[in-house]
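Chains, contacts and geometry: an overview
Take a look at the letters that make up each chain.
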Amino acid sequence: MGTLLSIRELTKSFGGQVVLAGVSLDVEEGEILVLLGPSGSGKTTLLRSIAGFERPDSGDLLLEGEEIADLAPAQRKFGMVFQHFALFPHLSVGRNVSFGLETRGLRSEERDERVREMLALVDLAGFEDRRVDEISGGQQQRVAVARALAPRPRLLLLDEPLSNLDPELRERTRRELKAAIRRVGISAVWVTHEQQEAFDVGDRVAVLSAGRLDQVGPPEELYLRPTSPFVARFVGRASFLPAVWGEASTAVVGDERFIGCGASWPADAAEAVDSGTAVTLLLRPEGLRLVPPESDGSLQGTVAERRYAGEITYYRVVLDVGPEVVVADAVTAATEGGKVGVAPRLGGPKPRAFRDGERPPPQEGLAEVVEEADE
Amino acid sequence: MSRGGSGAGGRPRRLPAFALVAVLSWLVGYPLLITLLEALGIPGGGTLQHWAEFVRRPDEWLALWRSLWISLASVVLAAAIGVPLAFIFERTDFPGRRLLGALVALPVALPPLVGVIAFLFLYGESGFVTRGLQALLGLHEAPWRLHGAGAILLVHAYSMYVYFYLFVRAGLARLDASMSEAAQILGAGRGRTFWRVTVPLLGPALGGAALLAFMTSLASFSAPYIFGGGFRVMTTQIVASKLNGQVAMAQVETVTLAVLALAGLWALLRFDRGRIAVVGGVRGLAPARRRLASRWARWGAGAAGWGLALVLLLPHLTLVVISFVPRATWTVELVPPAWDLSNYRELLTTPERLRPVLNSLWMAAAATAAAVALGLATARASLAHRGRLGRLLEMLVAVPWAVPGTVFAISLATAFSVDAPLAGRFVLVGTPWILPLAYLVRSLPLTGRGALAGLRQLDRSLEEAAASLGAGRWRTLVRVTVPMLRPALAAAASLAFITAMGDFVTSIVLYTYDTRPISIEILSSLRLQDTGIAAVYGVLLMVLSAAAFLLWGREERAG
């Protein structure tokens, strides 16, 4: 498995506004790479630059080592699934799928065969003669996928392929779409603003913000070892606490001389920090647990809100030292308004320290982040 | 069905709706029916004698044939101007694009007669361009004479390109950018993307514009009347028969033209339905206006845009210029030797000159007021009674739009020149009432469809809210519905008003000396070589049209 597409230092501005500020990224052979980011992060512009619809101001696009930045979209031989599907309303389902085959010099029987094969792949066998406005949104989406895959593109580009579907349909379609891509064995670049979707389909996820690549890696790496508070916040529920880096991979929260008002917790650091340095500590809800008040090595707090979410219950705890954290624990762990201690959970995601100066984004729930990112 | 009418409480009452059907039938359908019957000689026992004569006479066939081919050629020429213009203004950007883009749509609202005389002043034998060329080439005579089929086609192309321009621009604006992107990434080059994707997607816009241009051309009267001379099309043939006293022949010709026009309407309606099905499948974002990358391309687009717009607006400018040329001062010179406001002064100070303006004003105002009231009532009733009754009402207000003005003029002249109150016929021809009535009928489609569109957009829950707060039907109408509809009604009314102000085609059949409207006065000024005065009337209509059109355009965009 080698590198299929190398994106090198890509920049793009629209009317003085920088949309891509030097993005470098590789797409490996056979992988699904997800571009994840909020609205305005540049992910769509990056995808459109790969497709050839936007011309980057500078930088290189190397397909198997060959520069393609100057090629027209038609010459790149990529496939694309558009956000609104962009099915041709004046053509039947079959003619839509065969559109990209018609310039390939295939005999018409070969074309028909390929159309049948592609429609079967997306579970729409026999739909050739249907009008595209007679079929459901989910079926339209699958036709769009069949159409993009029919000419055997070298790379499949997907621009928020599920955002135009009803929410209840999205999760199933996402699994089917991933399965179809796997079956064909094609490399894909998939743009989304939804972390769930990104983690579900991506072999690797590239997080973009403000035209920069923040981090790229497998979902678990982004979740457990984010390189910035932004990434940490964007890929999952997170609480942040001010702390001081201590000896032997520990972080000191609050004042550890007073029980309940301070603690020294084992932690990872995103980058090398000297002891005594002020840091911001990322805490995942599953990396914390509730303990009896005043327990050793715990922080004292009050449960401000309790949200039952099935297998797990989330507790929003206002710490006596000031900030609040979200803790995942059993449904019986505490009641609203109760005094509790908060301690790290062994085996859970370790607290992760970021050097100060990298301010964490404002505290808000994941749901709000996702809503804001909705384009 | 009851949902529609339950807004202001209770089942929709059918009686007012039936009354409306009766009134509209009397205004719209009855005159046409009487004309048909008289053409068949029904009151006298029935005869096909006039039809046989119609079929025997070669000049009738010639007029019919000319009407058809002139209309088809007009469609082609109008498309040749309007479609490229739409692409330039929708797909490229250059300085002045927005203003010019609005200006080049203006001829659609301009009374046809005004366009015709503007052309006369520009390209006629003593027009600016003609004189200029004559002087430039040192010719003894004008290089061409503006008459016959060529002149008619020129005027038609010039005024009907707007349909293609507006429709294709709207189509392009609606076109999802990802459609052509999808074609490109599937390997289609520019040409293939254009022919296989863009053009088919613009099909409804092109077809709609073509049908509109065809029907407008079929009904066109001013250009064939002024420029046709011996070249008669159906509309001028009808008026000539009528003026020659061949009333029965005029009726037969009228029925023939009406049938042609109604066939066109039928085609348009069918087409409209098909279009809805196609457009329903399209979703997504409008394409970004392409900023042309190369400087040359931008200059080229800008030059083409400005150049075309200038050519298209030149006749209007000419009209303005001529209106400042005092009488009998401009004879052989290339440019007028003298300029002043004497024509305007004469119009304002001579009662005989002002009379047609006042006539047109009151007749147009009365007709518009009645048309708005009737249009609103019909729209409400047609929405309250969906199903057959509603469709009938909608059709009745739409018919005068499709039927050529000449047909209506002859029909009204036929129906309302007989005193038979029990049969719903009165002698109105020769009275001041016949022209406002004609204008009213011709304005109904504008106000009726305007009100219908406005009502369809109106959130029904607002009327329901008013009803829930205790407002009765009348109070809901006056306090909620009409105020909410005001912009839509104002826009439709202003278009109706200007159409009536500039009407020529029905006026020439139905006017009397005392009620002569502006258009008739323009014609007689031209005959008396009073070009300056004719131009002043033209400018007046032009300014009113522009104001009405801009108001309408703002409303269209807001809606």
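Residues numbered from 1 in each chain as written. Chains lettered and ligands numbered in written order. Predicted model: local features only at pLDDT ≥ 70, side-chain atom pairs only at ≥ 80, totals over all residues.

**Things to note about the overall build of chain B**
- Per the secondary structure count, chain B includes 24 helices and two strands.
- Reported as C-alpha extents along the three principal axes, the dimensions of chain B are approximately 80 × 70 × 50 Å.
- Here the analysis covers contacts within chain B between residues at least 6 apart in sequence; of these, 78% occur between residues at least 24 apart. (Helix = DSSP H or I, 4+ residues; strand = E, 2+ residues; numbered from the N terminus. Contact = placed C-beta atoms within 7 Å.)

**Considerations on the overall build of chain A**
- Scanning chain A from N- to C-terminus turns up 10 helices and 21 strands.
- A principal-axis box enclosing the C-alpha atoms of chain A has dimensions of 80 × 45 × 40 Å.
- A total of 375 residues make up chain A; the buried ones form 45% of that total.
- Within chain A, contacts between residues separated by at least 24 positions form 67% of all contacts whose residues are at least 6 apart in sequence. (Buried ≥ 20, exposed ≤ 12 C-beta atoms within 10 Å, placed from the backbone.)

**Details of the interface of chain A and chain B**
- Taken together, the contact between chain A and chain B spans 19 residues of the former and 22 residues of the latter.
- Mapped by element, the contributors of at least two residues to the side of chain A that touches chain B are helix H2 (73-76) and strand E6 (79-81) of chain A.
- Of the residues assigned to the side of chain A that touches chain B, the class counts are 13 nonpolar, five polar and one charged. (Nonpolar A, V, L, I, M, F, W, Y, C, P; charged D, E, K, R; others polar.)

**A few points about the packing of helix H2 (residues 14-39) of chain B against helix H16 (residues 351-384) of chain B**
All names here are of chain B.
- Contact pair H2 / H16: the axes reach a minimum separation of 10 Å and the direction vectors enclose 130°. In terms of orientation, H2 and H16 fall into the oblique class. Taken as a pair, H2 and H16 cross one another with a handedness that is left-handed. Where H2 approaches H16, its residues Pro16, Ala17, Leu20 and Leu24 are matched on the opposing element by Ala377, Thr378 and Ala381.
- Classifying every residue of the contact of H2 with H16 by side-chain character gives six nonpolar, one polar and no charged. (Axes fitted to C-alpha atoms, helices over the stretch in contact; angles between N-to-C directions. Parallel < 35°, antiparallel > 145°, perpendicular 65-115°, else oblique. Left-handed = near helix turned anticlockwise from the far one by under 90°.)

**A word on helix H6 (residues 167-184) of chain A**
All names here are of chain A.
- Taking 1.5 Å of rise per residue, 18 residues should cover 26 Å, and H6 covers 26 Å from first to last C-alpha, within 8% of that figure.
- The principal kink in H6, of about 25°, is found at Thr173.
- Listed in full, the buried residues belonging to H6 are Arg174, Leu177 and Ile181.
- Along its buried surface, H6 packs onto strand E3 (32-36), helix H5 (137-149), strand E7 (155-159), strand E8 (187-192) and helix H7 (195-201).
- Looking at the residues trailing H6, positive phi occurs at Gly185, about 75°. (Expected span 1.5 Å × (residues − 1). Bend = angle between axes of the 7 residues up to and from the residue.)

**Side note on the environment of Leu162 of chain A**
- Tracing the chain through its elements places Leu162 of chain A in the loop between E7 and H6.
- A C-alpha to C-alpha distance of 8.9 Å links Leu162 of chain A and Gly138 of chain A, two positions 24 residues apart in sequence.

**Re the domain arrangement of chain A**
- Per the domain assignment, the segments of chain A are domain 1 (3-224) and domain 2 (238-357).
- On a C-alpha basis, the centroid separation for the pair domain 1 of chain A and domain 2 of chain A is 40 Å. (Domains from an automatic or database assignment.)

**Describing the sheet that holds strand E20 (residues 339-344) of chain A**
Residues and elements named next belong to chain A.
- Here we have five strands laid out as an open sheet, ordered E16-E20-E17-E18-E19, and antiparallel in their pairing. Every interior strand has two partners, whereas the edge strands, strand E16 (288-291) and strand E19 (324-329), have only one. Pairwise comparison of adjacent strand axes, ignoring direction, gives a mean angle of 45° for this sheet.
- Relative to E20, strand E17 (residues 299-309) runs antiparallel, the two being bridged by four bridges. Note that in E20 the partner of Leu299 across the bridge is Val342. (Pairing = 2+ DSSP bridges.)

**Comments concerning the confidence of the model for chain A**
- A residue-level look at chain A finds 93% of positions with pLDDT of 70 or above and a mean pLDDT of 87.
- In the predicted structure, residues 363-375 of chain A sits below a pLDDT of 50 and forms 14 contacts with residues beyond four places in sequence or in another chain. (pLDDT = per-residue confidence, 0-100.)

**Some thoughts on the environment of Leu77 of chain B**
Residue and element names in this part refer to chain B.
- Within the secondary structure, Leu77 sits in helix H4 (residues 58-91).
- C-alpha separation for the pair Leu77 and Leu153, spaced 76 residues apart in sequence, amounts to 7.9 Å.
- Filtering out sequence-adjacent residues up to four positions away, Leu77 remains in contact with Leu153 and Ala157.

**Details of the domain arrangement of chain B**
Residue and element names in this part refer to chain B.
- When cut into domains, chain B gives domain 1 (10-47 + 347-461 + 489-559) and domain 2 (74-321 + 330-335).
- In this structure, domain 1 and domain 2 have C-alpha centres spaced 25 Å apart.
- If you look at the interface, domain 1 gives 36 residues, while domain 2 gives 35 residues.
- Contributing elements (two or more residues each) for the side of domain 1 that touches domain 2: H2, helix H18 (405-415), helix H21 (473-501), helix H22 (507-510), helix H23 (518-527) and helix H24 (531-558).
- Ranked by residues supplied to the side of domain 1 that touches domain 2, first place goes to H24 with 12 residues.
- The residue makeup of the side of domain 1 that touches domain 2, split by class, is 24 nonpolar, 11 polar and one charged.

**Quick word on the pairing of E19 of chain A**
Residues and elements named next belong to chain A.
- Of all six residues that make up E19, five are buried, and the element is covered over most of its length.
- Where strand E18 (residues 312-319) and E19 come together, six bridges link them in antiparallel fashion. Note that in E19 the partner of Tyr315 across the bridge is Val327.
- Connecting the antiparallel pair E18 and E19 is a turn made up of four residues, with Gly322 showing a positive phi of about 130°.

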